[in-house]
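Inside the fold
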Amino acid sequence: MRPQEMTKQELAAFKAEALKQYEDYKALGLSLNMARGKPGAEQLALSAGLLDCLTAADFAETDKNIFNYGGLDGIKEAKELFAPMLGLSPENVIVFGNSSLNIMYDCISRCYTFGAGKGLTPWKDCGKVKWLCPVPGYDRHFAITELFGFEMINVPVDENGPDMDMIERLVAEDESIKGIWCVPMYANPTGITYSDETVRRMAALKPAAKDFRIFWDNAYCIHHLTDTPDKLLNLYDELAKNGSEDMVYMFASTSKVTFPGSGVAVMGASKANLDFVKSTMTIQTIGHDKLNMLRHVRFFGGKFENVTAHMQKHRAVLEPRFKVVVDTLERELGGTGMGSWHSPNGGYFVSFNGMNGTAKRIVQLCKEAGVTLTGAGATFPYGKDPDDKNIRIAPTFPSVEELQKAMDIFVLAVKLASAEVLGA
Ligand SMILES: Cc1ncc(COP(=O)(O)O)c(C=O)c1O
């Protein structure tokens, strides 16, 4: 029976039973973590070959430019290898160091200090700057736009992506809206992929701000978990059809392909945008770690198809973990009205929506029983979930056994928090 339909006595009995099981788990003194989307040790081991695919013996035959200064936008072979991740030509990408978040931060900072392109007014001189934030979304995106003092506007997301009616209306009428964060594929945390229509409408936006930019963070573009992966329409091609390709900056990285601490990141954009980026980058650095780029090229034999084959090995490690999460939610909470979730075809997260007013309490109950979750509210700008209902579950890091225990505790916490809200 759904707790909403229980009598007072039935609800009390339901709560007492959940509490008893919860206390039993608490007594175990566990320490489990489902907070951050980090690859586990088994996944890291898949890329151990990166460590010896270049050795001292390779020095003599290797282009000496690799070891020296220069090559601001990355080595040609790395551009060729990773441009397909973003669906772009190699001349439309720059290969950076290990963090795409770093590039996004720099990109916002550049727009703020120098403008979003040649001859455009720096955002610091534009008065109030507003930013669209599909929610729930990635906390570190929101942290960047908060740091720069932009006013963030929540845009609801459904299974097709963000609410395009709202976006079209807002960008058309408000010149102070300068951009939007998008994770278009297996989004963090919802796991959804933007529909073709969403991408087409995004490409057809007619913003009042001539320097409006879509920050297209395709962090999970090749991170499939099923035989029937989602497909994402190529935004750049759609923009090019409308002559609006300057409207997007694209990002991806190998953080969850090889090593998060020592991968490579790429940025994709139009020639005009890349030229502008390079004009400030050249003051910032003489170039990024080309040896690491070459290592990645060698490890993957220079072929993108080997990168996607490598992702199948990640899938083998991750699929059972996602199954634990979704099966446990389905078994314990399916049809109860105590929560909803989406079983993603890829990415790193499962987004859970509890009853309104339960998320903080669920996270607290889990913490007291030794399970760390991403903080409630983290998936919203300013850490404020207006309904206090969304929790991001990150299944990748714990072992399958640990994850099962953590999920058992999670569903008990959901039952307890829901019973508390219903009883109040
Ligand atoms: C959507 C999204 N973008 C970017 C990142 C970080 O990427 P990087 O490691 O390349 O900085 C993450 C990490 O969780 C993410 O979820």
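These lines cover the structure that appears in this document, whether it is placed above or below. Worth saying up front: this structure is predicted, and the values here are computed from it rather than measured. (Residues numbered from 1 in each chain as written. Predicted model: local features only at pLDDT ≥ 70, side-chain atom pairs only at ≥ 80, totals over all residues. Heavy atoms only, no water.)

Each pair of packed helices can be described by the angle between their axes along with the distance between the axes. Running from amino to carboxyl end, helix α4 (residues 100-114) crosses helix α9 (residues 271-284) at an angle of 100°, the nearest separation of the two axes being 11 Å. When the interaxial angle is binned, α4 and α9 end up roughly perpendicular. Two secondary-structure elements touch here, α4 through D106, R110 and F114 and α9 through F276, V277, T280 and Q284. Here the contact of α4 with α9 is built from residues that sort into three nonpolar, two polar and two charged. (Axes fitted to C-alpha atoms, helices over the stretch in contact; angles between N-to-C directions. Helix = DSSP H or I, 4+ residues; strand = E, 2+ residues; numbered from the N terminus. Parallel < 35°, antiparallel > 145°, perpendicular 65-115°, else oblique. Contact = heavy atoms within 4.5 Å. Nonpolar A, V, L, I, M, F, W, Y, C, P; charged D, E, K, R; others polar.)

Let us now look at the pairing of strand β9 (residues 265-268). By the alternation rule, side chains of β9 split into A265 and M267 and V266 and G268, which are all buried. Where strand β2 (residues 93-95) meets β9, three bridges bridge the pair, whose relative direction is antiparallel. What sits directly across from V95, in β9, is V266. Where strand β8 (residues 248-253) meets β9, four bridges bridge the pair, whose relative direction is antiparallel. Bridge pairing in β9 places F251 opposite M267. (Buried < 20%, exposed > 50% of the residue type's maximum accessible area, 1.4 Å probe, protein only. Pairing = 2+ DSSP bridges.)

Our next topic: the site of the ligand. Neighbouring residues of the ligand: 13 residues in total, closest S100, D217, Y220, S255 and K256. Here an oxygen atom of the ligand sits 2.8 Å away from a polar atom, N or O, in the side chain of S99. Interatomic distance of 2.7 Å between a side-chain N/O atom of S100 and an oxygen atom of the ligand. Surface burial for the ligand is 89%, taken as the share of its 400 Å² of free accessible area covered by protein chains. Of all the elements, α4 adds the most residues to the shell around the ligand, at three residues. Taken together, the residues of the shell around the ligand sort by class into six nonpolar, five polar and two charged. (Near = heavy atom within 4 Å. Polar contact = N/O pair within 3.5 Å; in protein donor to acceptor, adjacent residues only side chain to side chain. Areas by Shrake-Rupley, 256 points an atom, 1.4 Å probe, with all protein chains shown as cover.)

Within a sheet, neighbouring strands are paired by backbone hydrogen bonds and run either parallel or antiparallel to one another. As summarised here, the arrangement of the three strands in space is β10-β11-β13, forming an open sheet in which the pairing is antiparallel. Across the chains shown, the open sheet's two edge strands, defined by having one partner strand only, are β10 (339-341) and β13 (390-393). Across the sheet, the mean angle from the axis of one strand to that of its neighbour is 25°, orientation sign disregarded. Taken together, the four bridges between strand β11 (residues 350-354) and β13 define a ladder with antiparallel strand orientation. Opposite N353, over in β13, you have N390 as the bridge partner.

We now examine empty space enclosed by the protein. Taken as a whole and assessed by the stated rule, the structure comprises two cavities of 30 Å³ or more. Within this model, the largest cavity holds a volume of roughly 110 Å³. Residue lining of the largest cavity: 15 residues in total, with P134, P136, G137, V183 and A187 positioned closest to the centre. For the lining of the largest cavity, the class distribution of residues is 11 nonpolar, four polar and no charged. Size it by volume and the second largest cavity reaches roughly 60 Å³. For the second largest cavity, the full set of lining residues is Q43, I222, H223, H224, L225, K256, M311, H314, R315, L318, G347 and Y348. Tallying contributions element by element places helix α11 (residues 304-333) first for the lining of the second largest cavity, with four residues. Among the residues making up the lining of the second largest cavity, the classes are represented as five nonpolar, five polar and two charged. (1 Å grid on protein atoms, 1.4 Å probe; cavity = no way out; pocket = protein on both sides within 12 Å on 5 of 7 lines; lining within 4 Å. Points joined across faces, edges and corners; volume = space filled by probe spheres on them.)

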